[in-house]
Every structure is written in structure tokens, then in C-alpha cells.
Amino acid sequence: MLIIVVVLPAIWQLAKKNNDRLPLAAYESESYKIESHSCLECHAEIVEEFQSAPHARTLASASDYTHWDRFLGKSFEDPSTKLNYRFEQRNSEYFLNCESMNQMARIDWIFGSGEHAQTPVSLSKDSEGKPQLQELAVSWYPENGLGLTLGQTGRDIEKIHPLGTFHTGTTSEECFACHSTWLALDEEQFVSSHIIPNVGCVRCHYDAKNHASRQAQGLPVSLEDLSLLDASELNRRCGVCHRSPDEIPEQDLTPDNNLLIRFAPVGMSMSRCFTESQGIKCTLCHNPHRLEDRSNAEFAKVCHDCHNPKQPNHAVCLKVKPDSNECLSCHMPQVEVQDSLRFTDHWIRVHD
């Protein structure tokens, strides 16, 4: 009886906690699956605006990709290895050809919205039969066109595959999970032919299917308003794909680690603006439903809401006028992580 009295309530609480937990991956539960066009009837303005957002362009199959002019017929030479690459089309398929080694890989998917880069990948099977992604060595960048894929600069030809980096089945699955709305699973492995590409509504609005179902039945409806989440929870939600601080080893959480610049939630969580306020969160500056088109002045206004001489006990920058629009260039600069690739540093601080 003592075991029943003590253990069963604990088991019930654990089960309740697990049931209440929101899914953190696009494939966690069939009950969350719904395509974005289902939201169009009631939320037409948001859905139409969303088509311009980078989240709506995170992934494309080779057959559906519409910007092949960025790749086809163009060549690139890796300055480290002197390997030559060329993108080609053969019948209805697309390939990256390493002409120097007489090797080629078929392109199956294109990752990235194109705001920072687009990277072609090839899919195959690993030794255990799991889907295996090969991140091809050459990507496209808006600034200079073709260049080495991030993380593949300074390669040693004796140690690398000339066509690009292979990733494990687990890592490959995680890549697709963050760039898609839905993955189908078969025996715990994702099925590449059943992917709903891009980050659609349900990828962030986990309760969208229940919301739509109740709406259709004429029942009272509610949809979680992400803008009402506190800063830490919203940072965690965005960090599911944009990386959370708890995924980074503590010794790597230093201002000198330029890799962190890719992970906005990590940098933000280290900022005094975040740790010493209640309101600094992703949606304060970014609307995930549209292409970012705000000026530095509009972003600076967010800074001025706190850093204002009229507000007591708030630090005010002494190097510029109180109404200056140059906040970001000093405290959130664009940092080049490799040729043609820059990210905004979200670790808000005084830079040397």
C-alpha cells in the first residue's frame, strides 16, 4: 500500500508533465500535422504575407527549386585544395561535379532561404540503412555567388571527401526537422519522400490543428499567442532550431567564439539587455511572418525605449546623441564569419 500511495501519484505527475510538453520537432506527433494553406481561410493576410518570409523558403526539393540559374553552368575553385567544381543538369536531375577528381553527387535538396546562403545536399544511405545527408562543398551566397559551404573552408584534401561533408543519420534528421514543417517517420527513420518543406504555421503554432478543428465545428477556439510568452520561453522556442544556450558547452560561451554569432538565441541570452530586463525577446524586433524590412532607425527605437535619458536608472550611451540610430552598428554589428557570409551578433555588449 505504501508503494501504491507514494509511487502512483509520482507516475501520474510524470505522465501529466509529458502530455503537457509541447513538441520540439516537426515529427513528434501526428496530431500536430496540418498544412499552412489550411490557415488561409481565416488568416489570409498573415498567410499571404508569410510567403515573403525566410521561414517560408527554408527548404526545396531539387525538382521544385526555382533558382537554378544561381548554380547551373557555373564553376568554382576551392582556394585551399585547388579542386574545381561545376554544377550540371543531366536530363531531369542536377549534380555537383568535382572535375578535378572526376566525381559527382546528385543534388536532392536545397537548404536555406537565400537571405544568407543556399546549400545543395545529397541524400544516400549509411551503413545501417539510415538516410544520410551529404552537405555539398559549394553553396550560393547573395553577395558573391558561389563559395565554399560554411564549415568547409581550409580543408585538407587528404582528410575530406572532395564533394562535401557527410552527416550521421541523426544529424541529417535534425537538419530536415528544422528546415521543414513535417517529417514522416518509418521505424524511427525519416522518409525523405514525405517531407512538408519550409517552416509553416504548425511548426511554431503547435496547437494549430486543434484550433482549426474546433473552428470547423463552431466551438470556442484559441490559438497560443507566442508574443505573450515571457522572454526566456520564447527564446527557448526559437532556440529549438536557432540553437539554445543549454546546447553550447559552458567553456564555449565566450565573446571570442565567432561560431556563436550564428545562434541568435544564445547570444541574446548572454546579453545584459536580456538578463536584466523582462521584455527583451525575439518578437520585439522580428516579425517571423514577413521578410525583415525595418531600418536601423526602427530597430534603434527599441533600444531607446530603455536607454533613454528620461528613464531613471538606465544606462545611456555617451558616445552618440541620445536619439542616434547607430546602436546596432556598435552593439550588434554584422560579423563576417567567412567570405560573403555575415550574421548579426545578438550578444548585445560594448565591443572593443
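Please read all numbers here as calculations on a predicted model, not as lab measurements.

Q: Quick one: what's the story with the layout of surface pockets, residue by residue and with numbers?
A: Within this model, the second largest pocket holds a volume of roughly 300 Å³. Lining the second largest pocket are 19 residues, and of these Arg57, Leu59, Ala60, Tyr65 and Asn198 lie nearest its centre. When residues of the lining of the second largest pocket are traced back to their parent elements, those giving at least two are strand 1 (59-61) and strand 13 (189-197). The residue makeup of the lining of the second largest pocket, split by class, is seven nonpolar, eight polar and four charged.

Q: Go over the pairing of strand 5 (residues 103-106), please, and point to the residues and values.
A: With four bridges joining them, strand 4 (residues 93-98) and strand 5 adopt antiparallel strand pairing. Of the residues in strand 5, the one forming a bridge with leucine 96 is alanine 105. Taken together, strand 4 and the strand that follows it, strand 5, pair antiparallel across an intervening segment of four residues, in which asparagine 102 is found at a positive phi of about 55°.

Q: Residue-level account of the pairing of strand 15 (residues 341-344), with values.
A: Taking every second residue as pointing to the same face, the buried face of strand 15 carries Leu341 and Phe343, while none of Arg342 and Thr344 on the other face is buried. As judged from the four bridges shared by strand 14 (residues 334-338) and strand 15, these two strands associate in the antiparallel manner. Bridge assignment links glutamine 334 to a residue of strand 15, and that residue is threonine 344. Hairpin connection between strand 14 and strand 15: a loop of two residues separates the two successive antiparallel strands, and serine 340 in this loop has a positive phi of roughly 75°.

Q: Could you give me a rundown of the pattern of salt bridges, with the residues and numbers involved?
A: Overall, the coordinates contain 14 salt bridges when judged by the stated rule. The partner of arginine 342 in a salt bridge is glutamate 143, with the nearest N and O atoms 2.6 Å apart. Of this pair, arginine 342 sits in strand 15 while glutamate 143 sits in the loop between strand 9 (138-141) and strand 10 (145-148); the two residues are 199 residues apart in sequence, bridging distant segments of the chain. By relative accessible area, which is 34% here, arginine 342 ends up partly exposed.

Q: Pulling in residues and values, what's your account of the nonpolar core?
A: Counting residues in each nonpolar core, the largest one holds 22 residues, and the members touching the most others are Trp68, Phe71, Tyr85, Phe87, Ile107, Val138 and Leu146. Going through the elements one at a time, strand 3 (84-90), strand 4, strand 9 and strand 10 are the ones with two or more residues in this core. A per-element tally of this core places strand 4 first, with three residues. In contact with leucine 146, not counting residues within four places along its chain, are Arg70, Phe71, Lys74, Ser75, Phe76, Phe87, Val138, Ser139 and Trp140. Membership of the second largest hydrophobic core comes to 11 residues, among which are Phe111, Val121, Leu123 and Phe176.

Q: Before we move on, could you go through the confidence of the model for the chain and cite the residues and values that matter?
A: Per-residue confidence for the chain averages 84 on the pLDDT scale, and 89% of its residues sit at or above 70. This model gives residues 1-25 a pLDDT under 50, and the stretch forms 14 contacts once residues within four places in sequence are excluded.

Q: Would you mind going over helix 10 (residues 296-304) in detail, with residue names and values included?
A: Here helix 10 has its buried residues at Phe299, Ala300, Val302 and His304. In this structure, the buried residues of helix 10 make contact with helix 9 (282-285) and helix 11 (327-331).

Conventions and cut-offs
- Residues numbered from 1 in each chain as written.
- Predicted model: local features only at pLDDT ≥ 70, side-chain atom pairs only at ≥ 80, totals over all residues.
- Heavy atoms only, no water.
- 1 Å grid on protein atoms, 1.4 Å probe; cavity = no way out; pocket = protein on both sides within 12 Å on 5 of 7 lines; lining within 4 Å.
- Points joined across faces, edges and corners; volume = space filled by probe spheres on them.
- Helix = DSSP H or I, 4+ residues; strand = E, 2+ residues; numbered from the N terminus.
- Nonpolar A, V, L, I, M, F, W, Y, C, P; charged D, E, K, R; others polar.
- Pairing = 2+ DSSP bridges.
- Buried < 20%, exposed > 50% of the residue type's maximum accessible area, 1.4 Å probe, protein only.
- Salt bridge = Lys/Arg side-chain N within 4 Å of Asp/Glu carboxyl O.
- Core = buried A, V, L, I, M, F, W, Y, C linked by side-chain atoms within 4.5 Å.
- Contact = heavy atoms within 4.5 Å.
- pLDDT = per-residue confidence, 0-100.

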